[in-house]
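Each chain, written out:
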Amino acid sequence: MADDPNIASKVIKNDPWYSSYATRAEQMRASEIRALFAVANRPEVVSLAGGMPYLGRMPFDKLADQLGDMLRSKGQVAWQYGSAQGDPHLREDVLPIMELEGIKDVQPDDVVIVNGSQSGLDLITRIMCDPGDVVLAEAPNYVGALGVFQSFQVDVVNVAMDGDGLIPEALEETILEQRRQGKAVKFLYTVPNFHNPAGATMSVERRPRVIEIARKYHVLIVEDNPYGLLAFNGQTYPALRSYDSEGIVYLSSFSKIIAPGMRVAWMVAPPGIRQKLVLANESAILCPSNMSQMTITTYLDNFDWKSQINDYRGMYKERCDAMDEALKEYLPYCSWLKPKGGFYIWLKIPQGLNAKDMLPRAITAKVAYVSGTAFYDNGEGADHMRLSFCYPTPDRIREGIRRLSTVIENELATVRLFEPDSGKERG
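Procedures and definitions
- Residues numbered from 1 in each chain as written.
- Predicted model: local features only at pLDDT ≥ 70, side-chain atom pairs only at ≥ 80, totals over all residues.
- Heavy atoms only, no water.
- Pairing = 2+ DSSP bridges.
- Helix = DSSP H or I, 4+ residues; strand = E, 2+ residues; numbered from the N terminus.
- Contact = heavy atoms within 4.5 Å.
- Axes fitted to C-alpha atoms, helices over the stretch in contact; angles between N-to-C directions.
- Phe/Tyr/Trp six-rings, centres within 6.5 Å; stacked < 30°, edge-to-face > 60°.
- Buried < 20%, exposed > 50% of the residue type's maximum accessible area, 1.4 Å probe, protein only.
- Lys NZ or Arg CZ within 6 Å of the ring centre and 35° of its normal.
- Core = buried A, V, L, I, M, F, W, Y, C linked by side-chain atoms within 4.5 Å.
- Salt bridge = Lys/Arg side-chain N within 4 Å of Asp/Glu carboxyl O.
- Expected span 1.5 Å × (residues − 1).
- Parallel < 35°, antiparallel > 145°, perpendicular 65-115°, else oblique.
- Left-handed = near helix turned anticlockwise from the far one by under 90°.
- Nonpolar A, V, L, I, M, F, W, Y, C, P; charged D, E, K, R; others polar.

Participant: Looking at this structure, I do not really get the sheet that holds strand E11 (residues 344-348). What am I missing?
Facilitator: Whenever strands of a sheet pair, they do so through backbone hydrogen bonds, lying parallel or antiparallel. Spatial ordering of the open sheet is given by E11-E14-E13, a layout of three strands whose pairing is antiparallel. Both edges of this open sheet fall to E11 and strand E13 (370-371), since each of them pairs with a single strand only. Bridging between E11 and strand E14 (residues 384-388) involves five bridges; their strand directions are antiparallel. Bridging across to E14, Trp346 finds its partner in Arg386. In the packing of helix H11 (residues 305-330) onto the sheet, the strands contacted are E11 and E14, and the crossing angle to E11 comes to about 15°.

This is the structure we're talking about:
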């Protein structure tokens with residue numbers, strides 16, 4: 001780029017350090033979701049964009065009292081440096097959470113605390129992948145994972161999924177194709193429960209088959225499971241990690257069930273990988289925040305967190321039902337999978353429309369969503385949008401879908417106006 005004097009002068013004027021950046025900095029891209037936040041958070045806009053949990057039912061008054069007691073008795077610990085592996089108390093507290101999903105062979109020393117799932121994805125990619133290596137992932141992909149993979153110059157190769165999650169046969173075919181091309185497949189990244197953004201859940205029947213294929217070809221599985229406890233009917237699906245302790249790195253978070261602002265997540269990995277994760281964690285941040293970890297343990301130790309999560313399940317089910325009914329009423333010509341839990345509906349819009357191009361008109365109509373293009377790194381996804389039902393009330397959700405329907409109807413009218421046969425009578 002610097003060989004062109006016109007480009008060079010323009011670049012230097014805007015950023016005098018442009019030519020000094022590492023090559024990997026060129027791969028970094030702004031998240032389409034984060035770019036929306038400033039607009040979508042305006043009170044007049046119905047935001048169906050962000051995956052923010054609704055925290056209005058958390059017992060903050062009582063929690064404040066407990067946190068005060070914690071600071072009075074343990075403040076010097078909470079405000080001090082800690083272990084790169086994480087607080088031992090919290091590492092013990094996460095064990096009964098994982099037991100709900102069938103993970104019963106884990107000890108506190110097997111757990112590594114990280115600064116949110118995003119940090120966990122960064123660490124595992126950092127220690128496993130060189131530039132040009134391949135990570136397999138369900139398509140569409142979680143946008144946060146794409147950002148991590150791009151920053152490490154990893155090639156993301158999509159594996160097909162359907163309403164029952166990742167398709168095992170497609171996984172095996174993709175591994176073999178990458179091997180034929182001489183590519184190093186480092187791991188499969190999967191969100192098996194209430195997938196972000198697709199909303200699908202990997203069927204129980206497929207889970208052992210996916211693990212069997214990964215084991216056959218010596219491909220590590222990175223299981224990202226932030227939504228596993230948020231099934232609307234209270235069902236918990238067996239974690240992939242419950243089937244296999246050697247070939248899976250398990251990642252989960254408190255962001256969707258308690259507090260995203262605490263930035264506390266955890267990982268369970270085979271011993272060799274776990275040791276590297278602790279070293280990488282120390283290199284990146286020295287140690288997770290003791291204050292955040294002790295805030296989480298204060299909540300877990302003093303409140304009925306299981307009942308709280310069950311309350312959230314009912315609330316999110318009500319909001320999902322509201323979105324599903326509104327879509328049936330206002331956008332019956334679109335298609336979607338109604339999820340069994342989680343936060344999202346993945347909406348397929350009519351042929352000829354482009355969700356990314358349409359977004360400015362939606363914002364003008366005071367409704368926000370995330371274009372499907374955010375969940376691919378190859379330009380696909382313009383025929384989909386992700387709708388989040390987790391934060392708005394049912395009434396706001398219904399109004400948001402009504403507003404969205406007017407935008408889509410106007411877009412359809414424009415497309416039809418310029419169709420070659422628009423003047424002909426339609427049968």
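Here the narrative resumes.
Participant: I tried to follow the packing of aromatic side chains on my own but got confused; where do I start?
Facilitator: The geometry of two aromatic rings is summed up by the distance between their centres and the angle between their planes. Under the defined criterion, the tally for this structure stands at 13 aromatic pairs. Taken together, a centroid distance of 5.5 Å and an interplanar angle of 15° make the contact between Tyr299 and Phe303 stacked. Given the relative accessible area of 3%, Tyr299 is considered buried. Among the aromatic residues, those joined into a cluster by ring pairs are Tyr227, Tyr312, Tyr316, Phe343 and Tyr344. The side chain of Arg319 reaches across the aromatic face of Tyr54, ending 4.5 Å from its centre.

Participant: How do you make sense of the nonpolar core when you look at a structure like this?
Facilitator: Ranked by size, the top nonpolar core spans 84 residues in total, and within it Met98, Phe254, Trp266 and Leu387 carry the most contacts. For this core, the leading source of residues is H11, giving nine residues. Every residue in contact with Trp266, bar those within four places of it in the chain, is listed here: Val94, Ile97, Met98, Val111, Val112, Ile113, Val114, Tyr250, Leu251, Ser252, Ser253 and Phe254. Core analysis: the next-biggest nonpolar cluster, separate from the first, contains 30 residues, Val114, Cys129, Ala265 and Leu277 among them.

Participant: I would appreciate a short explanation of the pattern of salt bridges in the present structure.
Facilitator: A side chain of one charge can pair with a side chain of the opposite charge if their charged atoms are brought near each other. Scanning the entire structure with this criterion turns up 23 salt bridges. Of the charged contacts, one joins Lys183 and Asp155 as a salt bridge, the two residues approaching to 3.5 Å between their closest N and O atoms. Separated by 28 residues along the polypeptide, Lys183 in the loop between helix H7 (168-180) and strand E7 (185-190) and Asp155 in strand E4 (residues 155-159) bring together distant segments of the chain. According to the relative accessible area criterion, Lys183 is partly exposed, its value standing at 31%. When the shortest N-O distance is used, the salt bridge between Glu172 and Arg209 registers 3.3 Å. Separated by 37 residues along the polypeptide, Glu172 in helix H7 and Arg209 in helix H8 (residues 206-216) bring together distant segments of the chain.

Participant: Explain the environment of Met70 to me, please; I cannot follow it from the model alone.
Facilitator: Position of Met70 relative to the elements: it lies in helix H3 (residues 60-78). Met70 gets classed as buried once you look at its relative accessible area, which sits at 7%. For the pair Met70 and Thr298, spaced 228 residues apart in sequence, the C-alpha separation works out to 7.4 Å. Other than its neighbours up to four places away in sequence, Met70 contacts Gly75, Ala78, Met291, Met294, Thr295 and Thr298.

Participant: Would you mind going over H7 with me for this structure?
Facilitator: Note that an α-helix has 3.6 residues per turn; residues three or four places apart therefore point the same way. For H7, which comprises 13 residues, the first-to-last C-alpha distance of 19 Å matches the rise-based estimate of 18 Å (1.5 Å per residue) to within 8%. Where H7 is concerned, the buried positions are Pro168, Ala170, Leu171, Glu172, Thr174, Ile175 and Gln178. Downstream of H7 by one or two residues, Gly182 has phi in the positive range, about 75°.

Participant: I keep staring at the side chain of Thr125 and nothing clicks. Help me out?
Facilitator: Looking at the element boundaries, Thr125 is found in helix H5 (residues 116-128). Discounting residues that sit within four places of it in the chain, Thr125 has contacts with Val148, Phe149, Phe152, Val154 and Phe187.

Participant: Quick question: what am I supposed to make of the packing of H5 against helix H9 (residues 271-285) here?
Facilitator: The packing of two helices is summarised by the inter-axis angle and the distance between the axes. Where H5 contacts H9, the two axes come as close as 9 Å, and the packing angle between them is 115°. Between H5 and H9, the angle falls in the class roughly perpendicular. Remark: the crossing between H5 and H9 carries right-handed chirality. Between H5, through Ser119, Leu123, Ile124, Arg126 and Ile127, and H9, the contact on the second element is made entirely by Ile273, Lys276, Leu277, Ala280, Asn281 and Ala284. Per-class residue counts for the contact of H5 with H9 are seven nonpolar, two polar and two charged.

Participant: Please explain the sheet that holds strand E2 (residues 111-114) as it appears in this structure.
Facilitator: Read across the sheet, seven strands follow the order E2-E10-E9-E8-E7-E3-E4 without closing on themselves; strand pairing throughout is mixed. Only two strands of the sheet have a single partner each, and these edge strands are E2 and E4. Along the sheet, successive strands turn relative to each other by an average axial angle of 25°, direction set aside. Both strand E8 (residues 220-224) and strand E9 (residues 248-253) contribute to a ladder of four bridges, which runs parallel. Across the sheet, residue Glu223 finds its bridge partner in E9, namely Tyr250. Strand contacts of helix H4 (residues 88-99): E2, E9 and strand E10 (265-268), with the helix running at about 105° to E2, the strand carrying the most contacts.

Participant: How should I be thinking about the pairing of E14 in this particular structure?
Facilitator: Every other side chain in a regular strand lies on the same face of the sheet, so the side chains alternate between the two faces. Summarising burial for E14: five of the five residues are buried, a large majority. Taking every second residue as pointing to the same face, both faces of E14 are buried, with His384, Arg386 and Ser388 on one and Met385 and Leu387 on the other. Both E13 and E14 contribute to a ladder of two bridges, which runs antiparallel. Bridge pairing in E14 places Ser371 opposite Met385.

Participant: Would you mind showing me how to read the packing of H7 against H8 here?
Facilitator: Interaxial distance between H7 and H8 falls to 9 Å at its minimum, and their mutual angle equals 10°. Taken together, the axis directions place H7 and H8 in an arrangement best described as roughly parallel. For the pair H7 and H8, the sense of crossing is right-handed. In contact with Pro168, Leu171, Glu172 and Ile175 of H7, H8 contributes Arg206, Arg209, Val210, Ile213 and Lys216. When grouped by side-chain class, the residues that make up the contact of H7 with H8 number five nonpolar, no polar and four charged.

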